[in-house]
There are 2 protein chains.
Amino acid sequence: MTTEQKHSDPALAFAAHDHAHCTGDVLARAEELSAETGARLTPVRRRALEILLESHRALGAYEVLEKLAEAGFGNQPPVAYRALDFLVDQGFAHRIRRLNAFAACMHPGEAHSPAFFICRACDAVAEAPAEAVRRAMEAAAARIGFSVERMNVEALGLCPTCAEAAS
Amino acid sequence: MTTEQKHSDPALAFAAHDHAHCTGDVLARAEELSAETGARLTPVRRRALEILLESHRALGAYEVLEKLAEAGFGNQPPVAYRALDFLVDQGFAHRIRRLNAFAACMHPGEAHSPAFFICRACDAVAEAPAEAVRRAMEAAAARIGFSVERMNVEALGLCPTCAEAAS
DNA sequence: GCTTGACATGTTATGCTATAACATACGATA
DNA sequence: TATCGTATGTTATAGCATAACATGTCAAGC
Ligand SMILES: [Zn+2]
Ligand SMILES: [Zn+2]
Ligand SMILES: [Zn+2]
Ligand SMILES: [Zn+2]
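Note that the structure is predicted; figures quoted are calculated from it, not measured. (Residues numbered from 1 in each chain as written. Chains lettered and ligands numbered in written order. Predicted model: local features only at pLDDT ≥ 70, side-chain atom pairs only at ≥ 80, totals over all residues. Heavy atoms only, no water.)

(A) Local environment of the pairing of strand β2 (residues 101-104) of chain A. Residues and elements named next belong to chain A. Side chains Ala101 and Ala103 of β2 all project onto a buried face; the interleaved residues Phe102 and Ala104 project onto the opposite face, where all are buried too. Bridge count between strand β1 (residues 93-96) and β2: four bridges; the pairing is antiparallel. For Ile96, the partnering residue across the bridge sits in β2 and is Ala101. Hairpin connection from β1 to β2: four residues lie between these consecutive antiparallel strands, with Asn100 at a positive phi of about 45°. (Buried < 20%, exposed > 50% of the residue type's maximum accessible area, 1.4 Å probe, protein only. Helix = DSSP H or I, 4+ residues; strand = E, 2+ residues; numbered from the N terminus. Pairing = 2+ DSSP bridges.)

(B) Just unusual backbone geometry, in detail. At Asn100 of chain A, a residue that is not glycine, the phi angle is positive and equals roughly 45°. Position of Asn100 of chain A relative to the elements: it lies in the loop between β1 and β2.

(C) Region of interest: the protein's contact with DNA strand C. The environment of DNA strand C is made up of 15 residues, and the closest members are Thr42, Val44 and Arg82 of chain A together with Tyr62 and Tyr81 of chain B. Considering DNA strand C, the proportion of its atoms within 4 Å of the protein that are sugar or phosphate atoms stands at 48%. Contact between DNA strand C and Arg82 of chain A: a base nitrogen at 2.3 Å from a side-chain N or O atom of the residue. A distance of 3.0 Å separates a phosphate oxygen of DNA strand C from a polar atom in the side chain of Arg95 of chain B. Residue assignment for the surface near DNA strand C shows that the elements contributing at least two residues are α2 (43-53) and α4 (77-89) of chain A together with α4 (77-89) of chain B. Looking at side-chain class alone, the surface near DNA strand C contains seven nonpolar, four polar and four charged residues. (Near = heavy atom within 4 Å. Polar contact = N/O pair within 3.5 Å; in protein donor to acceptor, adjacent residues only side chain to side chain. Nonpolar A, V, L, I, M, F, W, Y, C, P; charged D, E, K, R; others polar.)

(D) Spotlight on the protein's contact with DNA strand D. In the neighbourhood of DNA strand D, 15 residues make up the surrounding shell, with Tyr62 and Arg95 of chain A together with Thr42, Gln76 and Arg82 of chain B lying closest. If you look at DNA strand D and keep only atoms within 4 Å of the protein, 51% of those are sugar or phosphate atoms. Arg95 of chain A places a polar side-chain atom, nitrogen or oxygen, 2.9 Å from a phosphate oxygen of DNA strand D. Thr42 of chain B places a side-chain nitrogen or oxygen 2.5 Å from a phosphate oxygen of DNA strand D. Looking at the surface near DNA strand D, the elements with two or more residues in it are α4 of chain A together with α2 (43-53) and α4 of chain B.

(E) Just the relation of the copies chain B and chain A, in detail. For the match of chain B to chain A, the screw axis carries a shift of 0.0 Å, the RMSD comes to 0.1 Å, and the turn is 180°. Accordingly, the operation relating the two chain copies is best matched by a two-fold axis. Most of the interface of chain B is mirrored in chain A, where 100% of its interface residues again form contacts. (Least-squares fit on C-alpha atoms with pLDDT ≥ 70 in both. Contact = heavy atoms within 4.5 Å.)

(F) Molecular detail of the coordination of the zinc ion (ligand 4). Residue and element names in this part refer to chain B. In this structure, Cys119 (SG), Cys122 (SG), Cys159 (SG) and Cys162 (SG) serve as the protein donors to the zinc ion (ligand 4), at separations of 2.2 to 2.3 Å. Considering all four donor atoms around the zinc ion (ligand 4), the spread of angles at the metal, 105 to 118°, places the coordination shape in the tetrahedral class. Positions of the donor residues of the zinc ion (ligand 4), expressed as sequence spacing, correspond to C-x2-C-x36-C-x2-C. With Cys119 in strand β3 (residues 114-119) and Cys162 in helix α6 (residues 160-166), this residue pair connects regions lying 43 residues apart in the sequence. (Donors = N, O, S within 2.8 Å, 3.2 Å for Na, K, Ca; no water. Tetrahedral: all angles 85-135°; square planar, octahedral: opposite > 155°, others 65-115°.)

What follows is the structure, given as structure tokens:
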């Protein structure tokens with residue numbers, strides 16, 4: 001890994017880095033996409049995305065809600081769930097079922113079939129492209145005549161930093 | 001597919017079949033395994049497994065609880081969660097996070113890395129071996145230095161029967 | 001300008017999922 | 001038979017998610 005290691009490199013989620021790039025670049029990209037498609041990235045929705053981008057963790061809806069409320073938005077659950085549902089629909093965020101939580105998408109706009117690597121020690125979440133995984137699933141599905149519409153692929157384990165610390 | 005199509009063929013979950021075989025064979029296998037390992041397949045736990053085996057759907061903990069209560073066991077949530085946790089620990093059941101539900105394992109004892117195919121129309125759940133998926137995940141994990149301990153691989157879509165009906 | 005309709009947001013209330021904490025029972029072992 | 005580990009039962013509560021309704025905003029059509 002040299003200079004072509006981009007801020008969107010999944011390994012970065014598990015390492016110290018200039019996180020402002022993650023936030024700024026992805027947010028800008030989401031705005032471009034919204035302008036193109038006519039999706040309405042309103043203030044709550046935009047703020048919700050910022051909140052997710054401010055960490056590489058997945059945040060529960062109630063965590064997001066709390067921060068939205070701090071920013072002057074409503075403080076009832078539907079406020080957070082609606083904003084998050086919008087982000088997921090637009091592909092700006094992903095839902096991590098294992099954690100009942102949401103994480104900003106690191107590659108908005110790029111068709112991708114994400115896999116998530118969740119560190120059980122520090123709760124960091126890395127999103128990695130997983131085309132090979134998707135192909136394997138499609139193949140397995142084809143064998144039983146199943147047609148796949150959506151997938152959740154999540155792995156729990158230890159990130160490099162925590163694995164090091166544990167040994 | 002000819003006569004070597006076993007009751008454990010994942011496609012069967014989506015087709016009419018002699019379901020007593022699923023129930024009986026898998027339950028017997030679970031008992032063998034428990035005897036071998038010393039795991040205590042007590043009456044509640046055994047009944048919970050039977051309940052899961054009685055359908056190819058994934059059942060919520062409260063659904064299982066209701067049926068356990070009908071069988072004379074306690075009717076408070078921990079009764080169901082404890083039995084289900086035991087079954088999952090022993091590899092006799094799997095947790096389907098997308099549905100907040102549990103399904104009996106169709107291949108207890110065989111080391112396997114299951115993938116689940118969930119029909120969004122009829123709620124049937126098929127468990128298929130997915131070694132290729134696991135390998136792809138391990139490879140992706142290795143690239144970012146992540147060590148995988150557990151995985152959830154779930155696909156939502158249409159089973160052959162429902163796809164047919166919808167077209 | 002006014003009306004209408006689509007959509008976003010706010011709020012109340014409720015339902016579903018999961019676990020903490022403590023009490024009781026029971027078999028194995030010393 | 002005293003003790004310990006494990007299983008079960010029960011109470012209470014925490015955490016996650018949505019239904020239903022009210023209000024606000026803006027743009028299209030009259
Ligand atoms: Zn970052
Ligand atoms: Zn993504
Ligand atoms: Zn299995
Ligand atoms: Zn179906």
